[in-house]
Amino acid sequence: MQKRKLGKDGPEVSAISIGTSWGINSLTEWYQSKKQLIKTLQLAIDSGINFINTADFYGCGISELTIGEVIKERRKDVFISVKTGAVINPNGHLKGLDGSPKAIKNYCAYSLKRLGVDEIDLYQPCRIDPEVPIEETVGAIKDLIAEGKVKYLGLSEANAEQLIRANKIHKVSALEIEYSLATRFVEYEILQVARNLGTAIVPYSVFSYGLLTGKIKFPLLKNDFRNILPRFENVNLKHNLKMVEWLKKFAETKNASASQIALAWLLNQGTDIIPIIGMTKPERIKENIEALQINFTKSELQLLDKTFTEGAFKGERYPPAFLSWAAS
C-alpha cells in the first residue's frame, strides 16, 4: 500500500481512506449487514488501508460501534478520523449543526466510548457552524488535544478564509472536502491555501455519489437520498450521464473501470491528496487499490482536465438548503 503524509507535520497514512457512512440508520439494518461490514473493514486493514473515516452521527453511532469491534485487537494498525457537530434526528436526517465547545467535547466523550479508544487520531467538525465562531469550535478541539483525547485537528467543508482562521488557533492537518472529476471548485482557491498551510486534502464523494462509476441503475428508488441532489434531476441527469459515458469509453482504453479512472485522476492531483472511498463489500477493496497503479500520459491528463472542467456536470452539488453549510 502506498503511503501519503497527512499534512506537513502529520503522520503517514494509506493513500486512500475507507469511508464508513454505509447508509445504515437502524439496528435492524445493522444486524443484517454487520457481518459483511466487519469483513470489509478487516480486509481493508489487512490490505494496508489503515485510514478509517467515520462520524459520530453515521447511523447514530452504529458506524463507530462497528469500527470499535473491528479494531479492538489492532488499534495500532489504524488511523481513525471522526467528524462531529451534526444534529441528527432518529431517522438519520440532518437537522442542524452544533459547533459549540460544550457540544464538541460532549460528542468526543461518546465517540471515545463507542470506538473503545483513549484517543481519536483526527477529529473535525463536519461543517462549520455559522452560529459559532470557528475559533471557538477549533479551540475546543485544541483543548481535547491538550488533554490527550485527540491527536490531530481536521476541518470539513471549510472555505479558504475559515481554514486560515482555524490554523491560527491550531495547526490544521487535514481538510475533508468534496473533490472529484465532477466537482473541482476547490482548485480555485482552497487547494492552494491548504498547500500554503501544509494541510492535506481529504476528498469525499470521489465518485460524485456514485455517478462517476457508471453503474447506477435508474430510476432511483423513492427513498434514495440522491433524488434531492440537483445533478440527479431530469435534464441535469441526462446531460451528466453523457459525461459518464465518455468516461467509461476512456476507461476502456486503459483497461480500467470508470471509477478507477476517477480515483486515479484524483490521486494524480498531488501527493497531499488522500481520497475517502465508501466501501461496504470486500470485492470493492481490490478494485480501488488497483487504481493506485494506473498511470496517465501527459496528454491523457490534459484530455481529462479539458473534458471535466468545473461546471462540466450540470446542477449544484447540493440543494439550496444544504449549500449554506458547504464550502465554496
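This structure is a prediction, so every number in the text was calculated from the model and none was measured. (Residues numbered from 1 in each chain as written. Predicted model: local features only at pLDDT ≥ 70, side-chain atom pairs only at ≥ 80, totals over all residues. Heavy atoms only, no water.)

Undergrad: So what about the packing of aromatic side chains? Which residues, and what values?
TA: Each pair of aromatic rings is reported with the distance of its centres and the angle of its planes. For the coordinates displayed, the defined rule picks out twelve aromatic pairs. Ring plane angle 75° and centroid distance 5.9 Å describe the contact between Tyr179 and Trp265, whose orientation is recorded as edge-to-face. Of this pair, Tyr179 sits in the loop between strand E10 (172-178) and helix H6 (190-197) while Trp265 sits in helix H8 (residues 258-267), and the two are 86 residues apart along the sequence. Taken as a pair, Tyr179 and Trp265 share a single burial class, namely buried. (Phe/Tyr/Trp six-rings, centres within 6.5 Å; stacked < 30°, edge-to-face > 60°. Helix = DSSP H or I, 4+ residues; strand = E, 2+ residues; numbered from the N terminus. Buried < 20%, exposed > 50% of the residue type's maximum accessible area, 1.4 Å probe, protein only.)

Undergrad: Kindly report on empty space enclosed by the protein, identifying the contributing residues and their values.
TA: If you walk through the whole model with that rule in mind, you get two cavities of 30 Å³ or more. Of the volumes computed, that of the largest cavity is approximately 40 Å³. If you go around the largest cavity, the residues you meet are Glu178, Ser208, Tyr209, Leu229, Pro230, Arg231, Phe232, Glu316 and Arg317. Taken together, the residues of the lining of the largest cavity break down into four nonpolar, one polar and four charged. Counted as a void, the second largest cavity has a volume near 30 Å³. Residue composition of the lining of the second largest cavity, by class: three nonpolar, four polar and three charged. (1 Å grid on protein atoms, 1.4 Å probe; cavity = no way out; pocket = protein on both sides within 12 Å on 5 of 7 lines; lining within 4 Å. Points joined across faces, edges and corners; volume = space filled by probe spheres on them. Nonpolar A, V, L, I, M, F, W, Y, C, P; charged D, E, K, R; others polar.)

Undergrad: Give a description of helix H7 (residues 234-253) that names residues and reports values.
TA: Between its terminal C-alpha atoms H7 stretches 30 Å, which fits the 28 Å expected from 20 residues at 1.5 Å a residue. For H7, the full list of buried residues reads Leu237, Asn240, Met243, Val244, Leu247, Phe250 and Ala251. Looking straight down H7, one finds that the buried residues subtend no more than 130° of arc, so they occupy a single side. The exposed residues of H7 that point more than 90 degrees off its buried face are Asn234, Val235, Lys238, Lys242, Lys249, Glu252 and Thr253. Lining the buried residues of H7 we find H8 and helix H10 (298-307). Once H7 ends, the next one or two residues include Asn255, with phi positive near 55°. (Expected span 1.5 Å × (residues − 1). Arc of directions from axis to C-beta. Contact = heavy atoms within 4.5 Å.)

Undergrad: Give a detailed account of unusual backbone geometry, specifying residues and quantitative values.
TA: Omega for the bond connecting Phe218 with Pro219 falls within 30 degrees of zero, at 0°, which places this linkage in the cis form. Among the structural elements, Pro219 can be located in the loop between strand E11 (200-204) and H7. Notably, Tyr209 is not glycine yet its phi reads approximately 55°, a positive angle. When you line up the elements, Tyr209 lands in the loop between E11 and H7. If you check the backbone angles, Asn234 has positive phi at about 25° while not being a glycine. Within the secondary structure, Asn234 is located in helix H7. Relative accessible area serves as the criterion here: at 69%, Asn234 is assigned to the exposed category.

Undergrad: Break down the sheet that holds strand E5 (residues 79-84) for me, with residues and values.
TA: The parallel open sheet is built from eight strands, whose spatial order is E11-E10-E9-E8-E5-E4-E3-E12. Two strands in the sheet have a free side with no partner beyond their single neighbour: E11 and strand E12 (276-278). When strand polarity is set aside, the average angle formed by the axes of neighbouring strands in this sheet is 30°. By the bridge criterion, three bridges tie strand E3 (residues 17-19) to strand E4 (residues 51-55) in an arrangement that is parallel. Residue pairing for E4: Gly19 is matched across the bridge by Asn53. Across the face of the sheet, helix H2 (residues 62-70) comes into contact with E4 and E5 while running at roughly 150° to E4. (Pairing = 2+ DSSP bridges. Axes fitted to C-alpha atoms, helices over the stretch in contact; angles between N-to-C directions.)

Undergrad: Which residues make up a nonpolar patch on the surface, and what values do they have?
TA: A surface patch of nonpolar side chains, about 230 Å² in accessible area, is lined by Leu94, Ile228 and Phe322. Tracing the chain through its elements places Leu94 in strand E7 (residues 94-97). (Patch = residues over 30% accessible without salt bridge, like charges linked within 9 Å, V, L, I, M, F, W, Y side chains within 5 Å. Areas by Shrake-Rupley, 256 points an atom, 1.4 Å probe, with all protein chains shown as cover. Salt bridge = Lys/Arg side-chain N within 4 Å of Asp/Glu carboxyl O.)

Undergrad: Give a description of H2 that names residues and reports values.
TA: Since there are 3.6 residues in each turn of an α-helix, residues three or four apart along the chain are aligned in direction. Where burial is concerned, most of H2 is hidden: seven out of the nine residues are buried. Within H2, the full set of buried residues consists of Ile62, Ser63, Glu64, Thr66, Ile67, Gly68 and Val70.

Undergrad: Quick one: what's the story with the pairing of E4, residue by residue and with numbers?
TA: Extensive coverage of E4 is indicated by the burial of five of its five residues. Alignment of E4 against E5, held across five bridges, turns out to be parallel. Opposite Ala55, over in E5, you have Lys83 as the bridge partner.

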